[in-house]
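The lines below spell out each chain.
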2 protein chains.
Amino acid sequence: MRWIKFSAEGRTAYGILEGDEVREVAGSPFAGYERSRHAHRLADVKIEVPVIPPTFYCVGLNYADHIRKGAARTGQTPVLPEQPDVGYRANSALIAQGETVIIPRDATELVQYEGELVVVIGKKARDLSRAEALSCVLGYTIGNDVSERTWQKSDRTLWRAKNSDTFKPMGPWIETDVDLDAMQTRVSVNGTETTRFKTNDMIFGIETFISTMTRYLTLQPGDMIWMGTDGTSPNLKSGDVVDIEITGIGTLSNPFRAAGPT
Amino acid sequence: MRWIKFSAEGRTAYGILEGDEVREVAGSPFAGYERSRHAHRLADVKIEVPVIPPTFYCVGLNYADHIRKGAARTGQTPVLPEQPDVGYRANSALIAQGETVIIPRDATELVQYEGELVVVIGKKARDLSRAEALSCVLGYTIGNDVSERTWQKSDRTLWRAKNSDTFKPMGPWIETDVDLDAMQTRVSVNGTETTRFKTNDMIFGIETFISTMTRYLTLQPGDMIWMGTDGTSPNLKSGDVVDIEITGIGTLSNPFRAAGPT
């Protein structure tokens, strides 16, 4: 089942995507819903960010190859994480399918993508075992953890390196039925594939993160966890279009554009 | 003017606090409001978290004495920040005036308070100069950035050290009219003062943070920035009550209690 958030005919609503038809609902997948009489063609709606989370969790380092190549880039020894420590991103940076990533005026050329699986929480959860962990998950979508590597290295936090306005494209929709082990993440720039990896080849898996996190905190409906990325990205420039495809979900596509003069 | 969020008679609303009377409004200070016919005695309402922010910003290191004493505690050389890099906290950890901070079962004895001034954003803001910065501020409240120092040192992020459930008391209300330079922050444990500092004696002030942040991101109504703390805290134990008073705002008071057995 695919949940889509969209705007059409002057209102914003959740819908269920069936083929090319969006069946509008009253309510939401998080708080209960009823199918309405309204249906739209997918091509006729504006796709919105699938959910604005109460808390936006993000796993920084979770794939071995990404860590090794990142360390090589900065001449450091790669250090794999020893425990599943989650981090945060900012809601202020979220944009939807098709919307434009604006490269800040003073960014260096080291603007890069990170294609990520996003876990969307559907139910309040606390103290879940690994075996119970996936029971709180509504479904999965795709995120692009856009990063300016110069600021990532120079700043004490990731606030502008990863959370400048428009740096967090997410979508296009939430897929509830997936086969995690069969997933591949494929990223392409202007139609040419530049990165491919097995999506579930994580150092710490989704069950481990959820069970560890919920020992200390309560996950809420609508919270989401971005699961990190593998491999590396070329530097992106104004005019590039980045497509991130994950098997069984779909493709998140966003153009990049340099900010205009002030 | 004091904005209070409260529950009474089965509903939650914003109100304007005048002396001991809460004048209920329809709407909010962020999206417009009208005074209603309902008034309550302050003693009769349950005080709620003043606002759940779209994005929860927090300045980690912003007072010199706190940095020097923190470094001394871990035997390191103090490093003062060279630029105003903001960080994040989790909405999931917020609790209100009077609510109980639960010390996790496996926390060490190094559970400490941090009394902080909280800046509450009232209007959408982007590209503000330092001179314009305060124009987007609605008012100020008080936060307790509760911290488990062992996890703060051992983990790659602050997720459980500072964002375990109940680790972010905030309130009691939002004061719109303050004299920043006249403010003192006074923290007491069980009625005995343990920390006192000049609230506005920051390394980077509020105007600098807002003008720097809004070069890269859009602040939204309801966003908040916790401004950091000075000095040090004793270790807190089950049964302690921590009061944080900031001149002109009021006192945030919360008891601490050890988690029960599973």
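What counts, and where the lines are drawn
- Residues numbered from 1 in each chain as written.
- Chains lettered and ligands numbered in written order.
- Predicted model: local features only at pLDDT ≥ 70, side-chain atom pairs only at ≥ 80, totals over all residues.
- Helix = DSSP H or I, 4+ residues; strand = E, 2+ residues; numbered from the N terminus.
- Rg over C-alpha atoms; globule rule 2.2 N^0.38 Å.
- Buried ≥ 20, exposed ≤ 12 C-beta atoms within 10 Å, placed from the backbone.
- Contact = placed C-beta atoms within 7 Å.
- Pairing = 2+ DSSP bridges.
- Axes fitted to C-alpha atoms, helices over the stretch in contact; angles between N-to-C directions.
- Nonpolar A, V, L, I, M, F, W, Y, C, P; charged D, E, K, R; others polar.
- Domains from an automatic or database assignment.
- Core = buried A, V, L, I, M, F, W, Y, C linked by C-beta atoms within 7 Å.
- pLDDT = per-residue confidence, 0-100.
- Arc of directions from axis to C-beta.

Caption draft 1: The overall build of chain A, seen in detail. Helices and strands together make up the secondary structure of chain A, namely four helices and 19 strands. Relative to the globule expectation of 18 Å for 262 residues, the C-alpha radius of gyration of chain A, 18 Å, shows essentially globular dimensions. Across its three principal directions, the C-alpha atoms of chain A cover 60 × 50 × 30 Å. Looking at chain A residue by residue over its 262 residues, the buried ones come to 45%. For chain A, restricting intrachain contacts to residue pairs at least 6 apart in sequence, the fraction spanning at least 24 positions comes to 73%.

Caption draft 2: Here's a closer look at unusual backbone geometry. Residues and elements named next belong to chain A. Cis rather than trans, the peptide bond between G171 and P172 has omega equal to 0 degrees. Of note, P172 is situated in strand β14 (residues 168-175). In this model, N190 sits at a positive phi of 55 degrees, which is unusual for a non-glycine residue. Position of N190 relative to the elements: it lies in the loop between β15 (184-189) and β16 (192-198). Since 12 C-beta atoms lie within 10 Å of it, N190 is described here as exposed.

Caption draft 3: Summary view of the sheet that holds strand β15 (residues 184-189) of chain B. Residue and element names in this part refer to chain B. With respect to topology, five strands assemble into an open sheet ordered β9-β19-β18-β15-β16, the strand pairing being mixed. Of all the strands in the sheet, just β9 (101-103) and β16 (192-198) have a single pairing partner and so form its edges. Taking each pair of neighbouring strands and ignoring which way they run, the sheet shows an average axis angle of 20 degrees. As defined by bridge partners, β15 adjoins strand β18 (residues 241-246) across five bridges and the pair is classed as antiparallel. The partner of R186 across the bridge, within β18, is E245.

Caption draft 4: A look at the interface of chain B and chain A. Contact with chain B, which involves 23 residues of that partner, is made by 23 residues of chain A. Contributing elements (two or more residues each) for the side of chain B that touches chain A: β7 (87-88) and α3 (159-163) of chain B. Sort the elements by how many residues they give to the side of chain B that touches chain A and α3 of chain B lands first, with three residues. Considered class by class, the residues forming the side of chain B that touches chain A number nine nonpolar, nine polar and five charged.

Caption draft 5: Structural view of the sheet that holds strand β18 (residues 241-246) of chain A. Residue and element names in this part refer to chain A. Ordered by their spatial adjacency, five strands build an open sheet running β9-β19-β18-β15-β16, and the pairing between neighbours is mixed. Of all the strands in the sheet, the pair left with one neighbour each is β9 (101-103) and β16. The mean angle between the axes of side-by-side strands here comes to 20 degrees, regardless of whether they run parallel or antiparallel. In the sheet, β18 pairs with strand β19 (residues 250-258) via six bridges, with the strands oriented antiparallel. Residue pairing in the sheet places E245 in a bridge with T251 of β19.

Caption draft 6: Quick look at the domain arrangement of chain A. Residues and elements named next belong to chain A. The domain architecture assigned to chain A consists of domain 1 (1-48) and domain 2 (49-258). Once you take the C-alpha centre of each, domain 1 and domain 2 turn out to be 25 Å apart. Tallying the contact residues gives 10 residues for domain 1 and 18 residues for domain 2. In terms of residue count, the dominant contributor to the side of domain 1 that touches domain 2 is strand β1 (residues 2-8) (four residues). Residue composition of the side of domain 1 that touches domain 2, grouped by class: seven nonpolar, no polar and three charged.

Caption draft 7: Representation of the environment of E34 of chain B within the structure. All names here are of chain B. Looking at the secondary structure, you find E34 in strand β4 (residues 32-41). For E34, a count of 7 C-beta atoms within 10 Å puts it in the exposed group. Between the C-alpha atom of E34 and that of E24, which follows or precedes it by 10 residues, the distance is 8.8 Å. With residues up to four places along the chain from it excluded, the contact list for E34 reads V25, A26 and G27.

Caption draft 8: Inspection of the pairing of strand β2 (residues 11-18) of chain A at higher detail. Residues and elements named next belong to chain A. Relative to β2, β1 runs antiparallel, the two sharing seven bridges. Along β2, the bridge assignment pairs R2 with L17. Linking β1 to β2, which pair antiparallel, is a turn of two residues; within it E9 sits at a positive phi near 55 degrees. In the sheet, β2 pairs with strand β3 (residues 21-28) via four bridges, with the strands oriented antiparallel. Within β3, the residue paired with G15 across the bridge is E24. Counting the residues that bridge the hairpin from β2 to β3 gives two residues, and of these G19 lies at a positive phi of roughly 65 degrees.

Caption draft 9: Fine view of the nonpolar core. Residues V119 and M224 of chain A together with V119, V120 and M224 of chain B are the most contacted members of the largest nonpolar core, which totals 130 residues. When residues no more than four places from it in sequence are discounted, the contact partners of V119 of chain A are V137, Y140, I206, M224, I225 and M227 of chain A.

Caption draft 10: Fine view of the confidence of the model for chain A. For chain A, mean pLDDT is 96; residues scoring 70 or higher make up 100% of the total. Complex prediction metrics read pTM 0.95 and ipTM 0.93.

Caption draft 11: Expanded view of helix α4 (residues 206-213) of chain A. All names here are of chain A. Along α4, the positions that sit buried rather than exposed are I206, F209, I210, T212 and M213. The buried residues of α4 occupy one face: seen down the axis, they fall within an arc of 165 degrees. Those residues of α4 hidden inside the fold are in contact with β11 (115-121) and β17 (224-226).

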